[in-house]
Amino acid sequence: MEGWSPSEENIIYRVLVSLIPPYGHAFLPELCNPGEMPERNFRIRVELVCTCKTEQLVGDMLCFIHHEEEEQRRNLGPSLLQTVCTGSYLDVQKTACRFHQLVKACWLVLPHSRRWRLTMLPCDRSCKFKMARAEEEIIIEIMLGVQQGDSDIFMSSQASEALFTPSTTWTLSCAVAEAKFFERMARRAPDGSFHLRCLQLCARILVGTCFSEYTLKTVVMHLLNTTPLSGWHRTRFLLRLDDIMRYLRHCLEEKRLDHFFFGNEKIPEVVLPPALQRAEPFNLFQHLAQDPDAQAQAMREFTDMQDRLTRMLANDN
């Protein structure tokens, strides 16, 4: 679950729900662009699986492949291919719509429904809703994902960076790996650690700039992985803020910021798929290396961010 934001208000809690193929089905991931490096966009082919041997052992179970369609519909209902797929591929929008319907139906029987009002919010690639009572309001977004093997990496319903993301495209998500990394750091950090507060404060100065929150999170993860955790105590808050800004400035000057997980073998307790472990480091600032004007604009906005941070700290004091 992810619930931090640049502002302490209007937080959206995002929950990644892992999708598991139901009885008689299998999920087979395929690259959208074979040979693409890094591997970030996938399609998930849905195949019907013969379950005749299982039926013989269990009894009263039907095989989607070897039983008449009418008999299947009476006993098992339609297959995923008939409900949430486009062709043979799992469709993000159809699956999100199905979750939308399930949340509305389940809400009526939950105890919370007596104290909270539920409002479903429009969203094509996730299930998003608002819970409200009196002056309290919570927004929750359910993201959908298919796990890559036994790893902490998922193919998620989140849109890609492209202007248009086809409904059968599932994008690489490191959200679970990131959560495990931050949880590990929180367990090992001494009392009074301020690394998450550093992250939130810096995120506030990003608003209105070309920098994404993910860029900042990547910088902080690199520093957490290389700086002794004792150095993140609240008494060294200003030093760590300075480290974050210096690191980001250096990356801008070099036009290179490596993705934290691609090819990174120094992340204890996080399980990465072999392809990600072997991958060459992926440069999140590749666009700056290819566009001098974009790099110059980023440097100007970085200077503005520094000034904004200085004013913010002065006002807090």
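Basis of the calculations
- Residues numbered from 1 in each chain as written.
- Predicted model: local features only at pLDDT ≥ 70, side-chain atom pairs only at ≥ 80, totals over all residues.
- Heavy atoms only, no water.
- Patch = residues over 30% accessible without salt bridge, like charges linked within 9 Å, V, L, I, M, F, W, Y side chains within 5 Å.
- Areas by Shrake-Rupley, 256 points an atom, 1.4 Å probe, with all protein chains shown as cover.
- Salt bridge = Lys/Arg side-chain N within 4 Å of Asp/Glu carboxyl O.
- Buried < 20%, exposed > 50% of the residue type's maximum accessible area, 1.4 Å probe, protein only.
- Axes fitted to C-alpha atoms, helices over the stretch in contact; angles between N-to-C directions.
- Helix = DSSP H or I, 4+ residues; strand = E, 2+ residues; numbered from the N terminus.
- Parallel < 35°, antiparallel > 145°, perpendicular 65-115°, else oblique.
- Left-handed = near helix turned anticlockwise from the far one by under 90°.
- Contact = heavy atoms within 4.5 Å.
- Nonpolar A, V, L, I, M, F, W, Y, C, P; charged D, E, K, R; others polar.
- pLDDT = per-residue confidence, 0-100.
- Phe/Tyr/Trp six-rings, centres within 6.5 Å; stacked < 30°, edge-to-face > 60°.
- Lys NZ or Arg CZ within 6 Å of the ring centre and 35° of its normal.
- Pairing = 2+ DSSP bridges.

Let's talk about a nonpolar patch on the surface
A cluster of nonpolar side chains, namely Leu108, Val109 and Leu110, defines an oily patch on the protein surface of about 330 Å² accessible area. A residue is classified by how much of its surface remains accessible, and Leu110, at 36% relative accessible area, is partly exposed.

A short note on the packing of helix α7 (residues 213–226) against helix α8 (residues 237–254)
Here α7 crosses α8 at 110°, and the two axes come no closer than 10 Å. In terms of axis orientation, α7 runs roughly perpendicular to α8. Crossing of α7 over α8 shows right-handed handedness. Together, Thr215, Leu216, Val219, Val220, His222 and Leu223 of α7 and Asp243, Ile244, Tyr247 and Leu248 of α8 make up the contact between the two elements. Its residues assigned to classes, the contact of α7 with α8 shows seven nonpolar, two polar and one charged.

Observations concerning the confidence of the model for the chain
When pLDDT drops low, the exact placement of atoms in the prediction is not to be read closely. Averaged over all residues, the pLDDT of the chain equals 86, while 88% of them reach at least 70. By mean pLDDT, helix α2 (residues 69–75) is the weakest element of the chain at 53, and strand β5 (residues 89–90) is the strongest at 97.

What to know about the packing of helix α6 (residues 195–204) against α8
Relative orientation of the contacting elements α6 and α8 amounts to 55°, with a least axis distance of 10 Å. Taken together, the axis directions place α6 and α8 in an arrangement best described as oblique. Judged by the twist between their axes, the crossing of α6 over α8 is right-handed. In this structure, α6 contributes Arg197, Cys198, Leu201 and Cys202 to the contact, and α8 contributes Phe237, Arg240, Leu241 and Ile244. Broken down by class, the residue content of the contact of α6 with α8 amounts to six nonpolar, no polar and two charged.

Points about the packing of aromatic side chains
In this structure the tally under the stated criterion is five aromatic pairs. On the numbers, 5.7 Å between centres and 75° between planes, the contact of Phe181 with Phe182 is edge-to-face. By the burial criterion, Phe181 is buried, and Phe182 matches it. Counting every residue linked through ring pairs, the aromatic cluster contains Phe181, Phe182, Phe260 and Phe261. Sitting over the ring of Tyr89, Arg43 keeps its end group 4.2 Å from the ring centre.

Remarks on the pairing of strand β7 (residues 127–133)
Here β7 lies mainly inside the structure; five of its seven residues are buried. Alignment of strand β6 (residues 117–121) against β7, held across five bridges, turns out to be antiparallel. In the sheet register, Leu121 faces β7, and the bridge partner there is Lys128. Here β6 folds back onto β7, and the loop between the two strands holds five residues. Between β7 and strand β8 (residues 136–147), which pair antiparallel and follow one another directly, the connecting turn spans two residues, one of which, Ala134, has a positive phi of 50°.

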